[in-house]
Amino acid sequence: QVQLVESGGGLVQAWGSLILSCAASGSILSINTMGWYLQAPGKQRNLVAAITSGGSTNYADSVKGRFTIYRDNAKNAVYLQMNSLKTEETAVYYCNADASAGSDYSSMNYWGKGTLVTVST
């Protein structure tokens, strides 16, 4: 099993910045893609950004140029640098990872419990 724990959420003013962190733990064999998703109240969960173990990244169009995803493979961690935050980006941000663990080399998908980001005017 793999556990993902997010941190770094909180209250920030519009156009401010915040860094989210996610640490993976457990009997990890390997982690492939890690990513961040957001879910606003009453809405579906959507991809914000993702990064492969090799460093290839993918961003939602709405955050390109403002958000940066990066990871530390040695620490099994992924981060999301968020700049110029908008009020509509108030949401719970979830960490996601495709990982293999224990004695099973097949990849499974894991979610953290989320961290709340509130962007105020």
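Here the structure is a predicted model, which means the values were calculated and not measured.

*Asks:* Which residues make up the state of the cysteines, and what values go with them?
*Replies:* Cysteine pairs can be linked by a disulfide, which is a covalent bond between their two sulfur atoms. Counted by the stated rule, this structure contains 1 disulfide. The disulfide that involves cysteine 22 links it to cysteine 95, with 2.1 Å between the sulfurs. The sign of the -85° torsion about the S-S bond sets the cysteine 22-cysteine 95 disulfide as left-handed. Here cysteine 22, found in strand E3 (residues 18–26), pairs with cysteine 95, found in strand E9 (residues 91–101); they are 73 residues apart in sequence, far enough to count as distant. Look at cysteine 22 and you get buried, because its relative accessible area is 1%.

*Asks:* Tell me what's going on with the pairing of strand E7 (residues 67–72), and back it up with residues and numbers.
*Replies:* Burial of E7 is one-sided: the residues Phe67, Ile69 and Arg71 facing one way are buried, the residues Thr68, Tyr70 and Asp72 facing the other way are not. Between E7 and strand E8 (residues 77–82), which pair antiparallel and follow one another directly, the connecting turn spans 4 residues, one of which, asparagine 76, has a positive phi of 55°.

*Asks:* Report on the nonpolar core, specifying residues and quantitative values.
*Replies:* Membership of the largest hydrophobic core comes to 34 residues, with the highest contact counts inside it found for Trp36, Val48, Leu80, Met82 and Tyr93. At the level of elements, strand E1 (2–7), E3, strand E4 (28–39), strand E5 (46–51), E7, E8, E9 and strand E11 (115–120) are the ones that each hand at least two residues to this core. Residue contributions to this core peak at 6 residues, all from E9.

*Asks:* Would you mind going over the layout of surface pockets in detail, with residue names and values included?
*Replies:* When its volume is computed, the largest pocket comes out at roughly 250 Å³. As for the largest pocket, its lining consists of 14 residues, of which Leu38, Asn46, Ser62, Glu88 and Glu89 are closest to the centre. If you tally residues by element for the lining of the largest pocket, the top one is E5, at 3 residues. Among the residues making up the lining of the largest pocket, the classes are represented as 6 nonpolar, 3 polar and 5 charged.

Scoring rules and cut-offs
Residues numbered from 1 in each chain as written. Predicted model: local features only at pLDDT ≥ 70, side-chain atom pairs only at ≥ 80, totals over all residues. Heavy atoms only, no water. Disulfide = S-S within 2.5 Å. Helix = DSSP H or I, 4+ residues; strand = E, 2+ residues; numbered from the N terminus. Buried < 20%, exposed > 50% of the residue type's maximum accessible area, 1.4 Å probe, protein only. Pairing = 2+ DSSP bridges. Core = buried A, V, L, I, M, F, W, Y, C linked by side-chain atoms within 4.5 Å. 1 Å grid on protein atoms, 1.4 Å probe; cavity = no way out; pocket = protein on both sides within 12 Å on 5 of 7 lines; lining within 4 Å. Points joined across faces, edges and corners; volume = space filled by probe spheres on them. Nonpolar A, V, L, I, M, F, W, Y, C, P; charged D, E, K, R; others polar.

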